[in-house]
Amino acid sequence: MQTVSEDRRPFRFVIYALTIAMCVICYGDRAALSVGMPQIAHEFALTPGETGWVLSSFLWSYFILNLPSAILLDRFGVRIIGAAAVALWSLAMILGSLTATVPAFIATRILLGVGEAPTFALGNKVVRAWAPLHERGLMMTAFICGIPIGLACGAASGGWLIAHYGWRPAFSLLGALGLVWSVVWLLTHPRPARGTQATSFSLISVPTLFRSSAFWGVVIAQCCANYANFLLMSWLPIIMRQTLHLGTEQSGAYTAYCYIGAAILSITAGRIGETLVRRSNLSFGARRKVVCLYLVLASSMGFLPLCGTAATIIPLLAVSMAFMAGGTGANMALLADLLVEDEILGSVTGLTLTFSNGLGILAPVMTGYLLQATGNFHGVFYITGIIILCGALAAALLPRRPFHGRSQPDQTA
C-alpha cells in the first residue's frame, strides 16, 4: 500500500483543507436549490411530483458521468480535473440564476451534475495519495464531513439571501465562490502531483470487479447510504418547513442546525472509528465493522415520524446524519484498503458511485410522489430506515478480502 513520504506530511493538511472546501461548496450549491425550491416551484408553477423531478435533475448527468469522469481523473490527475469540474458546476449555478423557463433551468442543473460527477472520486484519490494508512478513515470522514458543513452553510446563507433578495442572487454568489476555489486549487496543488497522479494509465476491468463479493459489499452499503443522503439534501428544508410550519429563512436555519450538529459529531465518529480498527489488518476488511455499526446507528432516522417538535427532530437528524457521514467515510476508506491497484482507485470509486447514485436518483422522485399521495413524510422515513439497515448488513457480510480492479492471470475470485 502507498504511504505518505515524510517531506509531504505537513503540506497534506493544506490539500485536505482545500479538498474539504470543495465538498463544502458542492453541497452548499445543492442546499441552495432545496431552500429556494418553494420560491422556484411557485415561480414556475410546479406540483410536488414535478418538484421532485427538478430536485433530482442534476443527478441524471451526475449518475451517467461518475465513471467516465473518474477515468479522466485517473488519466489527467486531481489538479486539472478538480479545477475544471468546480469551475463548470459554478458556471452552471450562475447560468441557472439567469433562466426564464423550466427546461432551461433543468438544463443548468444537468450541467451542474456534469461538473460535480468526479467530486467523490477526487476526494478518495487525494486521501489515498496523501494520508497515512491509519489516517485514511478519519480523513475520508473529514472530507465527507464537507457534506453537512456545505449543506448547513448553503441552507443558512441561502435561506437568508433567498428570503431577502430572491433565489437568483443566491445562485450567482455561490457560483462565484466556486470559481474562486478553482483558481486557488490550480495555484496551490503541486505540479507535477507526485504520488497523486498515476505514472501509467490503465482502465479497470468491470468483469473482474463484478466477480468480487468485497466490491459488491462496498457498493451495496454506499447505495443504501446514498439513498438517505439524497433524500435529505433534496427535501430536508421542505420537510422542516412543512412539519414545523416555518418560513423560508427559519427552515434554512433549522436545516443548518441539523447539519452543523452532524458535522461536529461525524468528526468524533471518524476518530472513534479509526481507534476501533487501529490494531486490525485493514487489508482484509476490518474497517467493515465500523461501516456496519455506523449505518445501523444512522438508520435511527426511521424514527423521525414519531417526532413532532424542533427539539426532537433536530437532534435525531443530527445524530443519524453524523453516523451516515462516518459510515460512508469508512466505506470509501474500506474501498481504498481493499483495492490492490491504487492507480485506478478513481475509476473504481467512480464505478461504485455510478451504482450508488443510480439508487440515489430515486430518492427525491419517490419522496415527491409519496408526499403527493399521502400528504406527509412518514412513509418516506420508514422506508429509508429499512434501506439503511440493508446497507449495514451488506457491509457486515461481504467486504472481507482484497480485490483487483484489473484482470489477473491467476485470479479466481
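Residues numbered from 1 in each chain as written. Predicted model: local features only at pLDDT ≥ 70, side-chain atom pairs only at ≥ 80, totals over all residues. Heavy atoms only, no water.

Using the following cut-off: UniProt positions are given in the numbering used here, feature names are shortened, and annotations may be inferred rather than shown by experiment.
Going by an unreviewed UniProt entry, the protein chain carries the name MFS transporter and comes from Gluconobacter cadivus. In its Subcellular location (unreviewed entry) section, the UniProt entry covering the protein chain states "Membrane".

**Points about a nonpolar patch on the surface**
For clarity, the threshold we go by: In this analysis, a patch consists of residues with relative accessible area above 30% that form no salt bridge, clustered at 9 Å for like charges and at 5 Å for the nonpolar side chains Val, Leu, Ile, Met, Phe, Trp and Tyr. Surface accessibility follows the Shrake-Rupley procedure with a 1.4 Å probe radius. Residue values consider only the protein chains on display as shielding. Definition used for salt bridges: Asp or Glu carboxyl oxygen within 4 Å of a side-chain nitrogen of Lys or Arg. A helix here means a DSSP run of H or I that spans at least four residues, while a strand means a run of E at least two residues long, and both kinds are numbered starting from the N terminus. Relative accessibility under 20% of the residue-type maximum defines a buried residue, over 50% an exposed one, and the middle range a partly exposed one, all with a 1.4 Å probe and only protein chains included.
Residues L72, F76, I80 and L186 make up a contiguous nonpolar surface patch of roughly 330 Å² in combined accessible area. Locating L72 in the fold gives a position in helix 2 (residues 48-76). Judged by its relative accessible area of 42%, L72 is partly exposed.

**Examining helix 5 (residues 119-130)**
Working note: α-helix, 3.6 residues per turn, so residues spaced by three or four point in the same direction. For clarity, the cut-off: Every helix has an expected span of 1.5 Å times one less than the residues it contains.
End to end, helix 5 covers 17 Å across twelve residues, agreeing with the expected 16 Å (1.5 Å per residue, within 8%). By the criterion of burial, helix 5 is predominantly enclosed, with twelve of the twelve residues buried. Those residues of helix 5 lying buried are T119, F120, A121, L122, G123, N124, K125, V126, V127, R128, A129 and W130.

**Examining the packing of aromatic side chains**
Our working rule: Any two rings among Phe, Tyr and Trp, with Trp reduced to its six-membered ring, count as a pair given centres within 6.5 Å; such a pair is stacked if its planes are under 30 degrees apart, edge-to-face if over 60, and tilted if neither.
Counted by the stated rule, this structure contains 21 aromatic pairs. Summarising the aromatic geometry, the rings of F11 and W130 are spaced 6.0 Å apart at their centres and angled 55° between planes, so their arrangement reads as tilted. Taken together, the residues span a long stretch of sequence, with F11 in the segment before helix 1 (12-44) and W130 in helix 5 at a distance of 119 residues. Judged by relative accessible area, which is 30%, F11 ranks as partly exposed. When its relative accessible area of 3% is taken as the criterion, W130 is described as buried. Judged by centre distance (5.8 Å) and plane angle (35°), the ring pair of Y254 and Y257 falls under tilted.

**Notes on the packing of helix 9 (residues 213-244) against helix 12 (residues 310-338)**
Each pair of packed helices can be described by the angle between their axes along with the distance between the axes. Applied cut-off: Lines are fitted to the C-alpha atoms to define the axes, a helix being fitted only along its stretch in contact, and any angle between axes, read from their N-to-C directions, falls within 0 to 180 degrees. Orientation is classified from the angle alone, with under 35 degrees giving roughly parallel, over 145 giving roughly antiparallel, 65 to 115 giving roughly perpendicular, and any other angle giving oblique. Left-handed describes a crossing whose near helix is turned anticlockwise from the far helix through less than a right angle; right-handed describes the clockwise counterpart. In what follows, residue pairs with any heavy atoms lying within 4.5 Å of each other are defined as contacts. Residues are grouped as follows: Ala, Val, Leu, Ile, Met, Phe, Trp, Tyr, Cys and Pro are nonpolar; Asp, Glu, Lys and Arg are charged; all remaining types, including Gly, are polar.
Across the interface, helix 9 lies against helix 12 with an axial gap of 10 Å and an inter-helix angle of 155°. Here helix 12 runs roughly antiparallel to helix 9, going by the angle between their axes. In this structure, helix 9 meets helix 12 at a crossing whose hand is left-handed. Note on element contacts: helix 12 touches helix 9 through A310, I313, I314, L317, M321, M324, T328, N331, M332, L334, L335 and L338, opposite A214, V218, A221, Q222, A225, A228, N229, L232, L236, M240, T243 and L244. For the contact of helix 9 with helix 12, a count of residues per class yields 19 nonpolar, five polar and no charged.

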